[in-house]
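Coordinates in review
Next come the chains, spelled out residue by residue.
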Amino acid sequence: MRTPLSSRPIRVPLRAFVAVGALVSTLSGACSGTSSNEVTPVPSAIVVRGGDVTRGLGCGAGATEAYRYAVVAYPAGQADRPFAGGLYDCFADATLVRPPVAFGTGITVEVFVFDKAAYDGARAAIESAGSNREALRAARPTWSTTCTAVYLPDVETFASCSAVASGSADAGATSNGGDAGDAGP
């Protein structure tokens with residue numbers, strides 16, 4: 001005689017629990033790093049915020065708006081030793097990752113801001129200038145400013161920028177070609 005179904009031992013649920021446990025264990029391993037205590041290191045960098053560069057100007061293609069900007073970075077007081085240059089859209093941050101200077105070094109970043117007409121008129125010169133400050137000045141930027149920061153380990157340091165001025169200011173250069181600016185925090 002057969003035993004009624006209700007009195008038979010149920011073994012399937014136990015196997016199901018084991019299978020579900022194995023699946024959960026496997027899936028949680030696939031998402032490693034999301035809940036662990038691992039720290040992702042931040043690269044040391046100097047950041048010139050696009051919003052600081054365009055503050056008071058706006059960002060766009062209008063005659064009174066910043067369109068693109070170029071930066072040239074060098075150790076404070078050593079304008080003749082640029083280590084980075086770049087060209088950025090008005091809404092983007094200029095990020096100088098791991099500059100080739102010692103931690104604690106003051107950094108000066110000259111910023112040359114162009115409206116669309118000025119950029120279009122000197123596009124080839126601007127795009128080929130790299131870290132050549134004189135070439136960028138000769139391209140007749142619409143506005144300019146100078147930013148300073150101190151390069152620190154394992155952090156992105158936001159540069160502090162002076163107010164944007166019309167034209168190509170000499171960005172604090174002294175008669176000996178050095179930088180008179182002070183790279184404060």
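A word on the packing of aromatic side chains. For any two aromatic rings, the description comes down to two numbers: the centre-to-centre distance and the angle of the planes. This structure, assessed with the given rule, holds 3 aromatic pairs. Taking the centre distance of 5.6 Å and the plane angle of 55° together, the rings of Tyr67 and Tyr119 count as tilted. One end of the pair, Tyr67, is in the loop between α2 (50-54) and β2 (68-75); the other, Tyr119, is in helix α3 (residues 116-121), with 52 residues separating them in the sequence. Exposure remark for Tyr67: the relative accessible area of 25% places this residue in the partly exposed category. Judged by its relative accessible area of 2%, Tyr119 falls in the buried class. Geometry around Phe158 places Arg49 over its ring, the cationic atom sitting 4.2 Å from the centre.

Across the 8 residues of strand β6 (residues 143-150), 8 count as buried, placing the element largely inside the fold. Of the two faces of β6, the one holding Trp143, Thr145, Cys147 and Ala149 and the one holding Ser144, Thr146, Thr148 and Val150 are both buried throughout. Where strand β5 (residues 106-114) meets β6, 8 bridges bridge the pair, whose relative direction is antiparallel. Paired with Val113 across the two strands is Trp143, which belongs to β6. With 2 bridges joining them, β6 and strand β9 (residues 165-166) adopt antiparallel strand pairing. Within β9, the residue paired with Trp143 across the bridge is Ser166. Relative to strand β8 (residues 160-161), β6 runs antiparallel, the two sharing 2 bridges. Within the sheet, the bridge partner assigned to Thr148 lies in β8 and is Ser160.

Rules used in this analysis
- Residues numbered from 1 in each chain as written.
- Predicted model: local features only at pLDDT ≥ 70, side-chain atom pairs only at ≥ 80, totals over all residues.
- Heavy atoms only, no water.
- Phe/Tyr/Trp six-rings, centres within 6.5 Å; stacked < 30°, edge-to-face > 60°.
- Helix = DSSP H or I, 4+ residues; strand = E, 2+ residues; numbered from the N terminus.
- Buried < 20%, exposed > 50% of the residue type's maximum accessible area, 1.4 Å probe, protein only.
- Lys NZ or Arg CZ within 6 Å of the ring centre and 35° of its normal.
- Pairing = 2+ DSSP bridges.

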